[in-house]
Amino acid sequence: MNFNQNLYICITTAMSNFKEKLLLHACCGPCSTTALERLFEQYRVTVFYYNPNIAPQEEYIHRKEEAKRLVNEWHEPSNDLSFAEGNYTPEVFYEAVKGLENEPEGGARCLKCFELRLRETARIARERGFDAFCTTLTVSPHKNAQAINDIGTLIEKEAGGPVYLPSNFKKQNGYKRSIELSGRFNLYRQHYCGCLFSKNTCNKK
Ligand code: SF4
């Protein structure tokens, strides 16, 4: 018996029992990489794939399967990862962004899209007894971390918890790191943000 190894496993398990539980909203596998690497030392993370904005459905499923695969394949002594999926209800997204269909990426439609996804993440976190919630969205160079964090903080205040963990995962080369880690896990990297509007804009370029 390797006592050193056993002791190490026991210590790691004991430490992980004291970690807080974090529900991490994830838009896809590649964006989850940097966030997870920075969070799993401190938290027991559940990756929460809730993205009714993503279209078409095959694309939604493909991104979900890749995010799930990352969670299943990423084994580090200090990580304690799990995966959960939200409801895929595109009609809820289209209702939330009604009238904003022609907004450019990064505009008012995206703020509604962030809010929708963060509200549901907070609701599930509350319902399932998580200590905090957070999102991978801030790793994208195309997304305004301040705006995302303002929405998350407001949701936390309105609902009285759980705690929203503000982030800016693109800092300290976070986006570059996500590309490296995506390569390591051979993850599919999409070419458009997620909704049909962003897909159409991308196709026109
Ligand atoms: S461009 Fe991206 S963030 Fe904006 S509404 Fe579409 S999916 Fe949501």
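Attention here is on the structure that accompanies the text. Because the structure is predicted, anything quoted here is derived from the model rather than measured.

## Let's talk about the overall build of the chain
Thinking step 1. A tally of helices and strands in the chain yields 8 helices and 5 strands.
Thinking step 2. When the helices and strands of the chain are placed in sequence order, the string is α-β-α-β-α-β-α-α-β-α-β-α-α.
Thinking step 3. Relative to the globule expectation of 17 Å for 205 residues, the C-alpha radius of gyration of the chain, 17 Å, shows essentially globular dimensions.
Thinking step 4. With the principal axes as the frame, the chain shows a C-alpha extent of 65 × 40 × 30 Å.
Thinking step 5. The 205 residues of the chain split such that 39% are buried.

## Structural notes on the pairing of strand S1 (residues 20-25)
Thinking step 1. Sheet topology note: the S1/strand S2 (residues 43-49) ladder contains 6 bridges and is parallel. Among the inter-strand pairings, lysine 21 is bridged to a residue of S2, identified as arginine 44.
Thinking step 2. Following the chain from S1 across helix H2 (residues 29-39) to the adjacent parallel S2, one finds a crossover that is right-handed.
Thinking step 3. Pairing of S1 with strand S4 (residues 132-135) involves 4 bridges; the strand directions are parallel.

## Structural notes on the packing of helix H5 (residues 108-127) against helix H6 (residues 145-159)
When two helices pack together, you describe them by how their axes are tilted relative to each other and by the distance separating the axes.
Thinking step 1. The N-to-C vectors of H5 and H6 enclose an angle of 40°; their axes lie 10 Å apart at closest approach. Comparing their axes, H6 and H5 come out oblique. In the crossing of H5 with H6, the sense of the turn from one axis to the other is right-handed. Between H5 and H6, the contacting residues are Leu111, Phe114, Glu115, Leu118, Arg119, Ala122 and Arg126 on the first element and Ala147, Ile148, Ile151, Gly152, Ile155, Glu156 and Ala159 on the second.
Thinking step 2. Residue composition of the contact of H5 with H6, grouped by class: 9 nonpolar, 1 polar and 4 charged.

## Topic: the site of the ligand
Thinking step 1. The local shell around the ligand consists of Asn53, Glu105, Arg109, Cys110, Cys113, Cys193, Gly194, Cys195, Phe197 and Ser198.
Thinking step 2. Elements with a minimum of two residues in the shell around the ligand: H5 and helix H8 (196-204).
Thinking step 3. For the shell around the ligand, the class distribution of residues is 5 nonpolar, 3 polar and 2 charged.

## Some remarks on the nonpolar core
Thinking step 1. By size, the foremost hydrophobic cluster in this structure holds 41 residues, and its most contacted members are Leu22, Leu24, Ala26, Leu39, Val45, Val47 and Phe133.
Thinking step 2. Secondary structure elements with two or more residues in this core: S1, H2, S2, helix H3 (57-73), H5, S4 and H6.
Thinking step 3. Among the elements that take part in this core, H5 stands out by supplying 7 residues, more than any other.
Thinking step 4. Non-local contacts of valine 45, meaning those with residues more than four positions away in its chain, are made with Leu22, Leu24, Leu36, Leu39, Phe40 and Leu81.

## Brief notes about the packing of H2 against helix H7 (residues 174-184)
Thinking step 1. Where H2 meets H7, the closest approach of the two axes is 8 Å, and the angle between their N-to-C directions is 110°. Considering the angle they form, H2 stands roughly perpendicular to H7. As H2 packs across H7, the resulting crossing turns out to be right-handed. For the pair H2 and H7, the contacting residues are Pro30, Cys31, Thr33, Thr34 and Glu37 in the first and Gly174, Arg177, Ser178, Leu181 and Ser182 in the second.

## Some points on the pairing of strand S3 (residues 82-85)
Thinking step 1. Judged from the 4 bridges that link them, S2 and S3 form a sheet pairing that is parallel. Among the inter-strand pairings, threonine 46 is bridged to a residue of S3, identified as serine 82.

Conventions we followed
- Residues numbered from 1 in each chain as written.
- Predicted model: local features only at pLDDT ≥ 70, side-chain atom pairs only at ≥ 80, totals over all residues.
- Helix = DSSP H or I, 4+ residues; strand = E, 2+ residues; numbered from the N terminus.
- Rg over C-alpha atoms; globule rule 2.2 N^0.38 Å.
- Buried ≥ 20, exposed ≤ 12 C-beta atoms within 10 Å, placed from the backbone.
- Pairing = 2+ DSSP bridges.
- Right-handed = clockwise from strand over helix to strand, strands pointing away.
- Axes fitted to C-alpha atoms, helices over the stretch in contact; angles between N-to-C directions.
- Parallel < 35°, antiparallel > 145°, perpendicular 65-115°, else oblique.
- Left-handed = near helix turned anticlockwise from the far one by under 90°.
- Contact = placed C-beta atoms within 7 Å.
- Nonpolar A, V, L, I, M, F, W, Y, C, P; charged D, E, K, R; others polar.
- Near = placed C-beta within 6 Å.
- Core = buried A, V, L, I, M, F, W, Y, C linked by C-beta atoms within 7 Å.

These results come straight from atomic positions and should not be treated as a statement about function.
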